[in-house]
Amino acid sequence: MTETATPIASLSFEKALAELETIVGHLERGDVPLEESIRIYERGEALKKHCEALLAQAEAKVEKIRTGASGQAIGTEPLDVEG
């Protein structure tokens with residue numbers, strides 16, 4: 001892990017997820033000193049929250065197409081992810 005880490009807010013979903021996967025790999029191997037483990041765990045938590053926020057934003061943008069009785073598109077409405 002580099003000391004001059006990229007600010008999380010500027011990372012794309014893909015880059016944040018890749019960094020999070022790297023952190024998980026380091027922590028799972030257990031070969032990282034305790035202080036570094038704590039530091040990268042905290043960054044991992046922040047990356048996880050950032051990824052969740054980006055996914056929520058993407059879901060809010062996804063819309064489903066409404067169709068009329070004739071099957072023609074008549075507009076869009078928010079995607080119902082619950083049901």
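Student: Would you take a moment to explain the pattern of salt bridges for this structure?
Tutor: Taken as a whole and judged by the stated rule, the model has 4 salt bridges. Residue R29 pairs with D31 through a salt bridge whose shortest N-O separation is 3.4 Å. D31 gets classed as exposed once you look at its relative accessible area, which sits at 51%. Here E36 makes a salt bridge to R39, at a shortest N to O gap of 3.3 Å. On the criterion of helical spacing, the pair formed by E36 and R39 is a turn pair, its members being 3 residues apart in helix 2 (residues 34-61). Since its relative accessible area comes to 30%, R39 is described here as partly exposed.

Student: Sorry, what's going on with the confidence of the model for the protein chain here?
Tutor: Caution is warranted with low-pLDDT regions, since their predicted coordinates should not be read in detail. Taken residue by residue, the protein chain gives an average pLDDT of 85. The fraction at 70 or more is 81%. Element-level pLDDT for the protein chain is lowest in strand 1 (residues 63-67), with a mean of 67, against a maximum mean of 96 in helix 1 (residues 13-29).

Student: How should I be thinking about the environment of I38 in this particular structure?
Tutor: If you trace the backbone, I38 turns up in helix 2. What makes I38 partly exposed here is its relative accessible area of 39%. A sequence separation of 11 residues divides I38 from L27, and the C-alpha atoms of the two residues are 9.5 Å apart.

Student: Whenever I open this one, the environment of L47 confuses me. Can you help?
Tutor: One can find L47 in helix 2. For L47, a relative accessible area of 0% puts it in the buried group. When the C-alpha atoms of L47 and L20 are compared, they prove to be 6.3 Å apart, with 27 residues separating the residues in sequence.

Student: How should the packing of helix 1 against helix 2 be read in this particular structure?
Tutor: Packed helices, taken two at a time, are described by their axes: the angle between them and the distance between them. Their axes nearest at 9 Å, the elements helix 1 and helix 2 cross at an angle of 150°. By the angle between their directions, the pair helix 1 and helix 2 is classed as roughly antiparallel. Considering only the axes of helix 1 and helix 2, their crossing is left-handed. Within the contact between the two elements, helix 1 uses F13, A16, L17, E19, L20, I23, H26 and L27 and helix 2 uses S37, I40, Y41, R43, G44, L47, K48, H50, C51, L54 and L55. In terms of residue class, the contact of helix 1 with helix 2 is built from 12 nonpolar, 4 polar and 3 charged.

Student: Sorry, what's going on with helix 2 here?
Tutor: Each full turn of the α-helix corresponds to 3.6 residues, which orients residues three or four apart in the same direction. Under the 1.5 Å per step criterion, the end-to-end length of helix 2 is 41 Å for 28 residues, consistent within 8% with the ideal 40 Å. On the buried face of helix 2, the contacting elements are helix 1.

Calculation notes
Residues numbered from 1 in each chain as written. Predicted model: local features only at pLDDT ≥ 70, side-chain atom pairs only at ≥ 80, totals over all residues. Heavy atoms only, no water. Salt bridge = Lys/Arg side-chain N within 4 Å of Asp/Glu carboxyl O. Buried < 20%, exposed > 50% of the residue type's maximum accessible area, 1.4 Å probe, protein only. Helix = DSSP H or I, 4+ residues; strand = E, 2+ residues; numbered from the N terminus. pLDDT = per-residue confidence, 0-100. Axes fitted to C-alpha atoms, helices over the stretch in contact; angles between N-to-C directions. Parallel < 35°, antiparallel > 145°, perpendicular 65-115°, else oblique. Left-handed = near helix turned anticlockwise from the far one by under 90°. Contact = heavy atoms within 4.5 Å. Nonpolar A, V, L, I, M, F, W, Y, C, P; charged D, E, K, R; others polar. Expected span 1.5 Å × (residues − 1).

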